[in-house]
Amino acid sequence: MRLSHLFPPTLREAPANCPTEGLAWLIRAGYLRLFEAGWAYLPLGKRILEHVLRLLESEMDHLEAQRIYLPPPTTLSSPTPWDTLAQAWNESAPASPLVATQLEAVRTLAQRDLQTYRQLPLIFYHVSPLASAPWEGISPLHLTQGLVLESFALVSAPTALESFQRRYLQAIGNTLQRLGLPVRLAHAGLPSALSPQLIWAPYPQSHSSILHCPQCPYAAIEAFATFKKPELSPEPVLPIELISTPGIQTIRDLSVFLGLPASRLAKAVFYLAQTENESPEHLVLAVVRGDRTLSEAKLASVLGARHLRPAPSEAITAVGAVPGYASPIGLKPGVKVIVDDLIPRSPNLVAGANQPDAHLRHVNFGRDFNADLISDITLAEPGDPCPYCAAPLVKASGLPLAWVTAPGALEGATFLDENGQSRPIFFAYFRLSFEALILALAEQYHDEYGLIWPVPLAPYAVHLVALGGRKAPHVIEESERLYGLLQTAGISVLYDDREASPGVKFNDADLIGSPLRLTLSPRTLETATIEVKWRHSGDTQMISLAEVIPQITRWLKEHQTLPPRHEYII
């Protein structure tokens, strides 16, 4: 490709307010442009995308997955298994629109064309633009649509789901680690054998927070992170006591008023929860210690709720509670009580008295109130002990690249087992964001001058620069000859044939980031040599024009191979 013909020209500066350094280089070098709805992959960007896709297709082939093309998805009218994950990234708007997926299309295919157990397991995947999910790490870019690889593994028994979830993680782990990305796993749901898993890369500009352990592999998205709960010293259970607290309605004010730490107080929060579309909402009371913060994502997960919203005051007073002075003590029927698992082990707490301007001292779980459910429903914080090794957890900004889960039965899809009995089809699910992946690669492979692509990813392996312009026709003639020889040898080459200064040409070569730069000039032709520069190291050397094709071919072959497939443990 001649650089004079390549669209678009490079930019001297990145657009104003570009949120990330890697994205700035991608835009300046002409790999992509941003639109309100998503990215436009330009010729250079499309070549990077194709290299990544070929590698992913190779991994999907190892899974014996079959690629399909599907029509654009329609709006889903039923809950999807990833609703609570979307809620974890957007707790302030739990009723946000559903993430577009091809679940309905895959369900329809299974209903129409899967009849017997002999057809299972079966893995589909497709690549297409879909509405961006809140967890896909594009929050700094505010994209509403992105290119994704989405896959569904259909199996005959729930016992196979964990295996397929591992196989998905293995496939994407192979891909990302072979590409040189420092990726890790993070829990994206409540702990279980089939807990959703997020594959992420460190990324300071991301709005997505991960809590991870520096001493062991544990990591989780902030909304679902857990920590080792402390064992409190035993103390005698004291008689309950009504105390006057005029105008005191917040944990902070109550702590100051009573001279007690927030850990000695109980906090009550009312919600209306909805489990299905258009189903009635039911009232929920969540109780946590005053020194901890409620995780709405955890609460929604343990309730199986699709939507949560703060309960209005009339719903609270209807069950005998008083806003600002509420507790689970003495409530009327019609409310479901969920308490954090720290509450039963925290004796003699102060809680609301369900009377204006009054609280109760020495409130104890089991004696004074009970719960419909006890679960971990609070947020972990940096410094909390790791649930596995007790080392202090660390907060990091992470770029989610892919997500794997095993939701369970595929509603409405069945098959006949070996005895002719109808059985439900179960499925595992995998989704990768190409925008997040390209962004992570650009962050990994750049310096202060531009992008630095490894040979297997580079849009062009060689950047050929001719200096001298019309004043040096012999340089142009030799450059044209070499350009043709490189193409004939099967080497992808970007040829800078423009009438531009050496500085402009060298700057653009660094900006675009091809692995090798070959420079022809009047001086090099005097000695029948060409200057070769490796982009990643800056090392330069002169080689004979007679040897340039075999030498370049050998060098590129040595650097073309990615690390072999391996049983990576992320």
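Definitions and limits used
- Residues numbered from 1 in each chain as written.
- Predicted model: local features only at pLDDT ≥ 70, side-chain atom pairs only at ≥ 80, totals over all residues.
- Heavy atoms only, no water.
- Salt bridge = Lys/Arg side-chain N within 4 Å of Asp/Glu carboxyl O.
- Helix = DSSP H or I, 4+ residues; strand = E, 2+ residues; numbered from the N terminus.
- Buried < 20%, exposed > 50% of the residue type's maximum accessible area, 1.4 Å probe, protein only.
- Contact = heavy atoms within 4.5 Å.
- Pairing = 2+ DSSP bridges.
- Axes fitted to C-alpha atoms, helices over the stretch in contact; angles between N-to-C directions.
- Parallel < 35°, antiparallel > 145°, perpendicular 65-115°, else oblique.
- Nonpolar A, V, L, I, M, F, W, Y, C, P; charged D, E, K, R; others polar.
- Left-handed = near helix turned anticlockwise from the far one by under 90°.

Examining the pattern of salt bridges
Here is step 1 of the chain: Under the criterion given, the structure shown has 29 salt bridges.
Here is step 2 of the chain: Salt-bridge contacts for Glu-480 lead to Arg-2; the nearest nitrogen and oxygen are separated by 2.8 Å. Here Glu-480, found in helix 10 (residues 473-488), pairs with Arg-2, found in the segment before helix 1 (21-28); they are 478 residues apart in sequence, far enough to count as distant.
Here is step 3 of the chain: Glu-531 is the partner of Arg-517 in a salt bridge, and the nearest nitrogen-oxygen pair spans 3.1 Å.

Let's talk about the environment of Ser-209
Here is step 1 of the chain: Mapped onto the fold, Ser-209 is located in strand 8 (residues 209-212).
Here is step 2 of the chain: Relative accessible area serves as the criterion here: at 17%, Ser-209 is assigned to the buried category.
Here is step 3 of the chain: In the structure, Ser-209 is positioned 45 residues away from Phe-164 in sequence and 27 Å away in space, judged by C-alpha atoms.
Here is step 4 of the chain: With residues up to four places along the chain from it excluded, the contact list for Ser-209 reads Ile-221, Glu-222, Lys-395 and Ala-396.

Observations regarding the sheet that holds strand 17 (residues 373-375)
Here is step 1 of the chain: Across the sheet, which stays open at both edges, the five strands sit in the order 13-11-12-14-17 with mixed pairing between neighbours. Of all the strands in the sheet, the pair left with one neighbour each is strand 13 (307-310) and strand 17. With direction set aside, neighbouring strand axes in the sheet form an average angle of 30 degrees.
Here is step 2 of the chain: As paired elements, strand 11 (residues 266-274) and strand 13 share four bridges and run antiparallel to each other.

Quick word on the environment of Glu-162
Here is step 1 of the chain: For Glu-162, the location among the structural elements is in helix 5 (residues 161-178).
Here is step 2 of the chain: Considering only alpha carbons, one finds Glu-162 and Lys-298, 136 residues apart in sequence, at a separation of 22 Å.
Here is step 3 of the chain: Those residues within four positions of Glu-162 in sequence are excluded, and the remaining contacts are Ala-193 and Leu-194.

A word on the packing of helix 2 (residues 43-62) against helix 9 (residues 434-444)
Here is step 1 of the chain: Where helix 2 contacts helix 9, the axes come no closer than 11 Å and their chain directions differ by 110 degrees. Put simply, helix 2 runs roughly perpendicular to helix 9. In contact with Ile-48, Leu-49, Val-52, Leu-53 and Leu-56 of helix 2, helix 9 contributes Phe-434, Leu-437, Ile-438 and Leu-441.
Here is step 2 of the chain: Each residue belonging to the contact of helix 2 with helix 9 can be placed in one class, and the counts come to nine nonpolar, no polar and no charged.

Let's talk about the packing of helix 2 against helix 5
Here is step 1 of the chain: At a minimum axis separation of 10 Å, helix 2 and helix 5 run at an interaxial angle of 150 degrees. In terms of their interaxial angle, helix 2 and helix 5 are classed as roughly antiparallel. Note on packing geometry: the crossing formed by helix 2 with helix 5 is right-handed. Across from Leu-55, Leu-56, Glu-59, Met-60 and His-62 in helix 2, the residues of helix 5 making contact are Arg-167, Tyr-168, Ala-171, Ile-172, Asn-174, Thr-175 and Arg-178.
Here is step 2 of the chain: Across the contact of helix 2 with helix 5, the residue classes break down as six nonpolar, three polar and three charged.

Structural notes on the sheet that holds strand 23 (residues 493-496)
Here is step 1 of the chain: Pairing in this open sheet of five strands is mixed, and the strands run 23-22-24-25-26 from one edge to the other. The open sheet has two free edges, formed respectively by strand 23 and strand 26 (540-544), since each of these has just one partner strand. Direction aside, the axes of adjacent strands within the sheet are offset by 25 degrees on average.
Here is step 2 of the chain: Sheet analysis places strand 22 (residues 462-466) next to strand 23, joined by four bridges and oriented parallel. Residue His-463 lies in a different strand from strand 23, and its bridge partner there is Leu-494.
Here is step 3 of the chain: In the packing of helix 11 (residues 502-512) onto the sheet, contacts are made with strand 22, strand 23, strand 24 (516-520) and strand 25 (529-534), and the angle to strand 22 comes to roughly 175 degrees.

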